[in-house]
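# Structural overview
The primary structure of each chain is shown beneath.
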Protein chains: 2
Amino acid sequence: MNHHPRTYSRVTHQTLALLGGRIRLARKQRKMSEADLAERVGIARSTLQAIEKGHPTVEIGLVFEAATLVGVPLFVDTPARLGTELARVSETMALLPRSVRRARGDLNDDF
Amino acid sequence: MNHHPRTYSRVTHQTLALLGGRIRLARKQRKMSEADLAERVGIARSTLQAIEKGHPTVEIGLVFEAATLVGVPLFVDTPARLGTELARVSETMALLPRSVRRARGDLNDDF
DNA sequence: CAAAAATGATCGATATAAGAGGCATAAAGT
DNA sequence: ACTTTATGCCTCTTATATCGATCATTTTTG
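Keep in mind that this is a model prediction, so the values were computed, not measured. (Residues numbered from 1 in each chain as written. Chains lettered and ligands numbered in written order. Predicted model: local features only at pLDDT ≥ 70, side-chain atom pairs only at ≥ 80, totals over all residues. Heavy atoms only, no water.)

## Quick notes on the protein's contact with DNA strand D
Of all residues adjacent to DNA strand D, which total 19 residues, the nearest are Ala44(A), Thr47(A), Arg6(B), Glu34(B) and Lys53(B). The sugar-phosphate portion of DNA strand D accounts for 66% of its atoms within 4 Å of the protein, the bases making up the rest. In the environment of DNA strand D, a phosphate oxygen lies 2.4 Å from a nitrogen or oxygen atom belonging to the side chain of Thr47(A). Every element with two or more residues in the surface near DNA strand D is listed here: helix 3 (45–53) of chain A together with helix 1 (10–29) and helix 3 (45–53) of chain B. (Near = heavy atom within 4 Å. Polar contact = N/O pair within 3.5 Å; in protein donor to acceptor, adjacent residues only side chain to side chain. Helix = DSSP H or I, 4+ residues; strand = E, 2+ residues; numbered from the N terminus.)

## Some words on the confidence of the model for chain A
Residues and elements named next belong to chain A. Predicted confidence across chain A gives a mean pLDDT of 77, with 65% of residues reaching 70 or more. The low-confidence segment residues 79–86, where pLDDT is below 50, has four contacts with residues more than four positions distant or belonging to other chains. Under a pLDDT of 50 for its full length, residues 88–111 has, in the predicted model, 46 contacts with residues more than four places off or in other chains. (pLDDT = per-residue confidence, 0-100. Contact = heavy atoms within 4.5 Å.)

## Let's talk about the nonpolar core
Core analysis: the biggest nonpolar cluster contains 48 residues, and Ile23(A), Ile60(A), Ile23(B) and Ile60(B) have the highest contact counts within it. Of all elements in the fold, only helix 1 (10–29), helix 2 (34–41), helix 3 and helix 4 (60–69) of chain A together with helix 1, helix 2 (34–41), helix 3 and helix 4 (60–69) of chain B reach the threshold of two or more residues within this core. Not counting chain neighbours up to four residues away, the residues in contact with Ile60(A) comprise Leu16(B), Leu19(B), His55(B), Pro56(B), Val58(B), Ile60(B), Val63(B) and Phe64(B). (Core = buried A, V, L, I, M, F, W, Y, C linked by side-chain atoms within 4.5 Å. Buried < 20%, exposed > 50% of the residue type's maximum accessible area, 1.4 Å probe, protein only.)

## Topic: helix 2 of chain A
All names here are of chain A. Considered for burial, the residues of helix 2 that qualify are Leu 37, Ala 38 and Val 41. Axial view of helix 2: buried residues confined to an arc of 100°, hence all on one face. Exposed positions of helix 2 whose direction lies more than 90 degrees from the buried face are Glu 39 and Arg 40. Looking at the buried positions of helix 2, the neighbouring elements they touch are helix 1, helix 3 and helix 4. (Arc of directions from axis to C-beta.)

## With respect to the side chain of Glu34(B)
All names here are of chain B. By the element assignment, Glu 34 lies in helix 2. Note on Glu 34: relative accessible area 17%, which makes it buried. Beyond its immediate sequence surroundings of up to four residues, Glu 34 is in contact with Arg 24, Arg 27, Arg 45, Leu 48, Gln 49 and Glu 52.

## Description of the packing of helix 2 of chain A against helix 3 of chain A
Residue and element names in this part refer to chain A. Between helix 2 and helix 3, the shortest axis-to-axis distance is 9 Å and the interhelical angle comes to 100°. One finds that helix 2 runs roughly perpendicular with respect to helix 3. Contacts between helix 2 and helix 3 involve Glu 34, Ala 35, Leu 37 and Ala 38 on the former and, on the latter, Arg 45, Leu 48, Gln 49 and Glu 52. Residue composition of the contact of helix 2 with helix 3, grouped by class: four nonpolar, one polar and three charged. (Axes fitted to C-alpha atoms, helices over the stretch in contact; angles between N-to-C directions. Parallel < 35°, antiparallel > 145°, perpendicular 65-115°, else oblique. Nonpolar A, V, L, I, M, F, W, Y, C, P; charged D, E, K, R; others polar.)

## Focus: the protein's contact with DNA strand C
With respect to spatial proximity, 22 residues lie near DNA strand C, and among them Glu34(A), Arg45(A), Lys53(A), Thr47(B) and Glu59(B) are the closest. Near-protein atoms of DNA strand C (within 4 Å) split between backbone and bases, with sugar and phosphate holding 68%. Between Glu34(A) and DNA strand C, the recorded distance is 2.7 Å, taken from a backbone N or O atom to a phosphate oxygen. The separation between a phosphate oxygen of DNA strand C and a polar side-chain atom of Thr47(B) is 2.2 Å. Secondary-structure elements contributing two or more residues to the surface near DNA strand C are helix 1 and helix 3 of chain A together with helix 3 of chain B. Classifying every residue of the surface near DNA strand C by side-chain character gives four nonpolar, eight polar and 10 charged.

Take a look at the structure:
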């Protein structure tokens with residue numbers, strides 16, 4: 001019964017919340033109800049609520065389906081130049097002292 | 001017993017495959033084995049394999065954790081967010097020691 | 001305003017993802 | 001060459017995410 005509760009990094013939580021919020025916003029802009037979108041994705045309304053709240057435990061495929069159905073870009077397809085620059089940035093970020101990264105708010109657990 | 005098999009759009013499949021591939025690549029670049037990364041994320045090796053294969057049914061939190069642990073940047077989609085993020089980055093860059101910025105090539109001799 | 005629709009929240013049942021392990025093959029290292 | 005180490009791919013079991021329903025608010029609309 002007592003399995004360790006899973007922990008997620010701050011980055012994960014932030015990203016999930018951002019993505020869920022985007023989906024919710026895009027859905028409303030398209031004037032769809034939760035029931036509307038849930039039906040189109042083929043999931044229960046309660047599941048869509050979990051998605052829009054950014055719960056870490058929902059299946060990634062369901063999240064991506066909802067996102068694409070309301071037109072939220074999933075990127076990953078960024079231009080090469082942007083991709084390499086972001087990679088460079090994240091590499092460099094690892095060099096920052098923990099105190100600085102904490103101040104930035106993007107300290108994800110270890111290193 | 002006879003629940004409909006779930007279907008996913010091509011975009012979802014492509015994005016998942018791309019993301020999984022990037023995680024796999026980044027893991028190898030860091031010379032980590034599947035067992036290494038799986039242990040750090042706190043998941044079974046079989047689950048990590050599912051992630052790197054881009055299976056739609058894995059929990060999104062686990063995928064994002066794996067991605068961040070190996071430094072795969074998660075979606076920075078819209079130009080607006082990109083702008084603010086880059087601004088934040090350049091601010092933070094000013095905090096870097098000169099030695100690091102020189103290594104990055106950001107330091108153009110003078111000052 | 002009242003009626004209708006949308007949302008937030010909870011819950012039991014059950015389909016299923018994740019874990020743990022095993023085994024064979026492939027790479028890497030010595 | 002041999003010996004680790006890593007990977008691919010199974011099965012079985014267990015933990016749990018999803019469903020579908022219900023109810024209370026909140027928001028919209030007529």
